[in-house]
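Chain by chain, the residues run as shown.
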Amino acid sequence: VTRERAFGLDLDARFGLDGFAGAVPPAGDRLVRLRLVPEAELRELAGAGESERIAAAAGADGAEAASIDRVAAAGGEGAPALGYLASATGFGRAWIDAGGGDVRVAAAALPAWRWQRFLVGQVLPFAAVLNGLEVFHASAVAVEGRAVAVVAASGAGKTSLALELVLLGLDLVDDDVLAVERAGHGLIAHPGAPLANVRHDGTGLAERLCEAGHARVLGSADGETRVELRPRAQALPLSAIFFLRRTGEGEASATGEGDRARIERIDPVDPRLLLAATFNLALRDPGRLTRQLDVCSAGAGSAALFAVDCPPSVDAPQLARQIRDVALGAAGPPS
Amino acid sequence: MRVASREDILDCRAVVPADVVYREFGDETLLLNLSTGNYHGVNASGARLIALLPEADGDLRLAVERLAAECGVGAGEIAEEMAGFCVQLAERGLLEATAR
């Protein structure tokens, strides 16, 4: 049995969680039991009710790469959910019960660090939402005791930026999926798994992280290296969110700031920015929609939001220095 | 259900339906219809009118009068605009207006 804490969940796993390092102690709430099961067990669970596909994503080749089916008790529209079946081609499938406390995974025949990308990147964030948390499609680091998040479209460089910030001495809070919850008038950010996927883009980022003692390599595949980083032990107030946009060459020259990213405070706040940054768009029951709105409103009211327009001439290390400097100013006194 | 017209909606009693929630985002307020999943943004004046409704016991005309007083203008100056706003909300299922 492995006991870990990630995404605001206490994880009770009947298998090893690669790269978690056991450094974040369980908090005694939101217990999620994780088990490895044969595929036939998932078929049986899914066959106990009526399935409806609520989300699907295509890979680069256009074929379906991932999907989520909602399995409900027989009885037509409005019947309560029994659970959700998440699938990721090549990685495996997982059953997540409706309460988010029971996760069963039929993993593909791959090394654990590879199939667990599916677990960490899709299944646990989904379970977090079922457990009453909200999740943003964001990477985050800790600045002066507060979390600073970076939101960007897939492939825009969230991970590279977050890891360059780690090289500047900041701790990684999460890569790609940030679990948050309302606390008073603000938001608390829960650390994710201390793992990241580094693209092989010629910058030697994974090597630099390892040489600096910030990371160790779990493995490499599909043009990426999976690294394990130093985990953060506690949840942090979320103090700033940077919305990163990669601009084209023409746009860069129009800003007159070709050698620097343009970072501007967003005021007034556009609610769509925050709502669009939430990670899970498949769960749309009234309770979740209300919580999503509540969390986004709290984020708009308590965190400093910044628009970052980054031209192609600005590389990730340079952008990281700019973001760090602004984040230090936005963080306020150490928490 | 028939939605009241601009001409008669201010004579209605209005409530925000139970399946509509709203939260502030700075100067803007977002209303969410939980039945449809649709969002609707309103400005500060619209949000204030919605907030005044319970205090006015759902009396839309009274709520508009109070809003006008807060803004330092006559109710007649904003009545038509607010009536149109309320009709829009009602058409989107974000306000239930019934004849008094």
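Attention here is on the structure that accompanies the text. As the structure is a prediction and not an experimental result, all values here were calculated from the model. (Residues numbered from 1 in each chain as written. Chains lettered and ligands numbered in written order. Predicted model: local features only at pLDDT ≥ 70, side-chain atom pairs only at ≥ 80, totals over all residues. Heavy atoms only, no water.)

1. Points about the sheet that holds strand β2 (residues 9-13) of chain A
As a general point, the strands of a sheet are linked pairwise by backbone hydrogen bonds and lie either parallel or antiparallel. Residue and element names in this part refer to chain A. Judged by pairing direction, the sheet is mixed, and its eight strands sit side by side in the order β1-β2-β3-β8-β7-β6-β5-β4 without closing on themselves. Bordering the open sheet on either side are β1 (2-6) and β4 (50-58), each of which pairs with just one other strand. Each strand axis lies, on average, 20° off the axis of its neighbour in the sheet, ignoring direction. Where β4 lies against strand β5 (residues 64-72), eight bridges are found, and the strand directions are antiparallel. Across the sheet, residue alanine 56 finds its bridge partner in β5, namely serine 67. Across the sheet, helix α2 (residues 112-130) lies against β2, β3 (31-36), β5, β6 (81-88), β7 (92-97) and β8 (102-107), angled at about 20° from β7, the strand it touches most. (Pairing = 2+ DSSP bridges. Helix = DSSP H or I, 4+ residues; strand = E, 2+ residues; numbered from the N terminus. Axes fitted to C-alpha atoms, helices over the stretch in contact; angles between N-to-C directions. Contact = heavy atoms within 4.5 Å.)

2. Some words on the packing of helix α1 (residues 44-55) of chain B against helix α2 (residues 60-71) of chain B
Helices that pack against each other are described as a pair by the angle of their axes relative to one another and the distance between those axes. All names here are of chain B. At a closest axis distance of 9 Å, the pairing of α1 and α2 adopts a crossing angle of 125°. One element, α1, and the other, α2, form an angle in the oblique class. By crossing handedness, the relation of α1 to α2 is classed as right-handed. Where α1 abuts α2, its residues Ser45, Arg48, Leu49, Leu52, Leu53 and Glu55 lie against Leu60, Ala63, Val64, Arg66, Leu67 and Glu70. (Parallel < 35°, antiparallel > 145°, perpendicular 65-115°, else oblique. Left-handed = near helix turned anticlockwise from the far one by under 90°.)

3. Describing the sheet that holds strand β16 (residues 224-229) of chain A
Residue and element names in this part refer to chain A. Ordered by their spatial adjacency, three strands build an open sheet running β14-β16-β15, and the pairing between neighbours is antiparallel. Strands at the two margins of the open sheet, each flanked by one partner only, are β14 (195-199) and β15 (215-221). Across the sheet, the mean angle from the axis of one strand to that of its neighbour is 30°, orientation sign disregarded. As paired strands, β15 and β16 are joined by six bridges and run antiparallel to one another. Bridge assignment links arginine 216 to a residue of β16, and that residue is glutamate 228. The strands that helix α3 (residues 158-167) touches are β14 and β16; relative to β14, the one it contacts most, it runs at about 110°.

4. Digging into the interface of chain B and chain A
Listed as interface residues are eleven residues of chain B and, on the opposing side, 14 residues of chain A. Here chain B meets chain A over a buried area of about 1,200 Å², counting both sides, of which 69% is carbon and sulfur. Taking the shortest distance from any N to any O, the salt bridge between aspartate 294 of chain A and arginine 23 of chain B comes out at 2.9 Å. The set of elements that each furnish at least two residues to the side of chain B that touches chain A consists of β2 (20-25) and β3 (28-33) of chain B. Here the side of chain B that touches chain A gets five residues from one element, more than from any other, and that element is β2 of chain B. (Buried area = accessible area lost by both parts, 1.4 Å probe. Salt bridge = Lys/Arg side-chain N within 4 Å of Asp/Glu carboxyl O.)

5. Regarding the packing of aromatic side chains
All names here are of chain A. If you walk through the whole model with that rule in mind, you get three aromatic pairs over all chains. On the numbers, 4.8 Å between centres and 15° between planes, the contact of phenylalanine 242 with phenylalanine 306 is stacked. Of this pair, phenylalanine 242 sits in strand β17 (residues 236-246) while phenylalanine 306 sits in strand β19 (residues 304-310), placing them 64 residues apart in sequence. The pair phenylalanine 242 / phenylalanine 306 is uniform in exposure class, with both members buried. For the cation-ring pair, arginine 265 lies above phenylalanine 306, with the distance from its terminal atom to the ring centre recorded as 5.7 Å. (Phe/Tyr/Trp six-rings, centres within 6.5 Å; stacked < 30°, edge-to-face > 60°. Buried < 20%, exposed > 50% of the residue type's maximum accessible area, 1.4 Å probe, protein only. Lys NZ or Arg CZ within 6 Å of the ring centre and 35° of its normal.)

6. Observations regarding α2 of chain B
Residue and element names in this part refer to chain B. Relative to the 16 Å expected for twelve residues at 1.5 Å per residue, α2 spans 16 Å between its end C-alpha atoms, a close match to the ideal helical length. Among all positions in α2, only Leu60, Ala63, Val64, Leu67 and Ala68 are buried. Mapping the buried residues of α2 onto a view down its axis gives an arc of 140°, with all of them on the same face. Where α2 is buried, its residues contact β1 (12-15), α1 and α3 (75-91). For α2, the N-terminal capping position is held by aspartate 59, with its side-chain oxygen 3.1 Å away from the main-chain nitrogen of arginine 61. Glycine 72 sits one or two residues past α2 and shows a positive phi near 75°. (Expected span 1.5 Å × (residues − 1). Arc of directions from axis to C-beta. Polar contact = N/O pair within 3.5 Å; in protein donor to acceptor, adjacent residues only side chain to side chain.)

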